[in-house]
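# Chain and residue survey
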Amino acid sequence: MGIALRKGENMPILASVAEIRCRWSSFGDVDADLSALLLRGRQVRTDDDFIFYNQAESVDGSVKYLGKRHAGDGFEDRIAINLADVAAAADIDAIAVVLSVDSGHRLVELGAVTATILDAGGTSLATFTMIDLTVETAAVAFEIYRRGGWKARAVGQGYHDGLAGLARDFGVTVDDESPSTPNPTDPSQTPTPAVDWNNPPVPAGYEI
């Protein structure tokens, strides 16, 4: 089953190819989507570094959106990352993997959300269950980053203003008419700032 990570914990990824799956048991008509952002200095280089269902592959082919499917009594969405190919792009230092829900819904409506990292053979390397989400509409599940090799950090950082707001924080150009744009008069939609990747939350006794 791999290592069960808690929020803020990290682990090395020794595999050259990794697949990240996010699984949930959907209640009602709420749906969710997984996406990835290739980051340099905590920002995308261009909008091409935002990988999701409408832009399913990075320019170099190193990151691919694999699509959604039924999984048990729920659903899972999938992103594949070829870390060897990402390593060839020396200016990419991290990849944020993000789960978001449709406009008008919240992540808590998905029930238990579990993100898993697997190797090319389908063996689980690590799992992370996001259990403290309430009114958030998007969240960074994992950060894959370079530090003496590739590592994965369980992030669980939630946003109240949806995928559009999160993408803006990482430098993606977003249409101003996006339905995920927050209402400034509604305190519940106040944007949550991007996680400080240079000073991530790390549980006591756990080393980066």
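Residues numbered from 1 in each chain as written. Predicted model: local features only at pLDDT ≥ 70, side-chain atom pairs only at ≥ 80, totals over all residues. Heavy atoms only, no water.

The following threshold applies: UniProt positions are given in the numbering used here, feature names are shortened, and annotations may be inferred rather than shown by experiment.
An unreviewed UniProt entry lists the protein under the name General stress protein 16U, from Mycolicibacterium chlorophenolicum. Recorded under Sequence similarities (unreviewed entry), the UniProt text for the protein is reproduced unchanged: "Belongs to the CAPAB/TerDEXZ family."

## Some thoughts on the environment of Ile20
So the rule is basically this: Working definition: helices are DSSP H or I runs of at least four residues, strands are E runs of at least two. Numbering for both runs from the N terminus. Any residue under 20% of the maximum accessible area for its type is buried, any over 50% is exposed, and the rest in between are partly exposed; the area is computed with a 1.4 Å probe on protein chains only. Only heavy atoms enter the contact rule, under which two residues are in contact if any of them lie within 4.5 Å.
Within the secondary structure, Ile20 sits in strand S3 (residues 17-24). A relative accessible area of 2% places Ile20 in the buried class. It is 9.6 Å that separates the C-alpha atoms of Ile20 and Ser124, two residues lying 104 residues apart in sequence. Ignoring any residue separated from it by four or fewer positions in sequence, one finds Ile20 in contact with Leu34, Asp77, Arg78, Ile79, Ile81, Val97, Thr116, Ile117, Phe142 and Ile144.

## Observations concerning the environment of Ala32
By secondary structure assignment, the location of Ala32 is in strand S4 (residues 32-39). Sequence spacing of Ala32 and Thr137 is 105 residues, and the spatial spacing of their C-alpha atoms is 9.5 Å.

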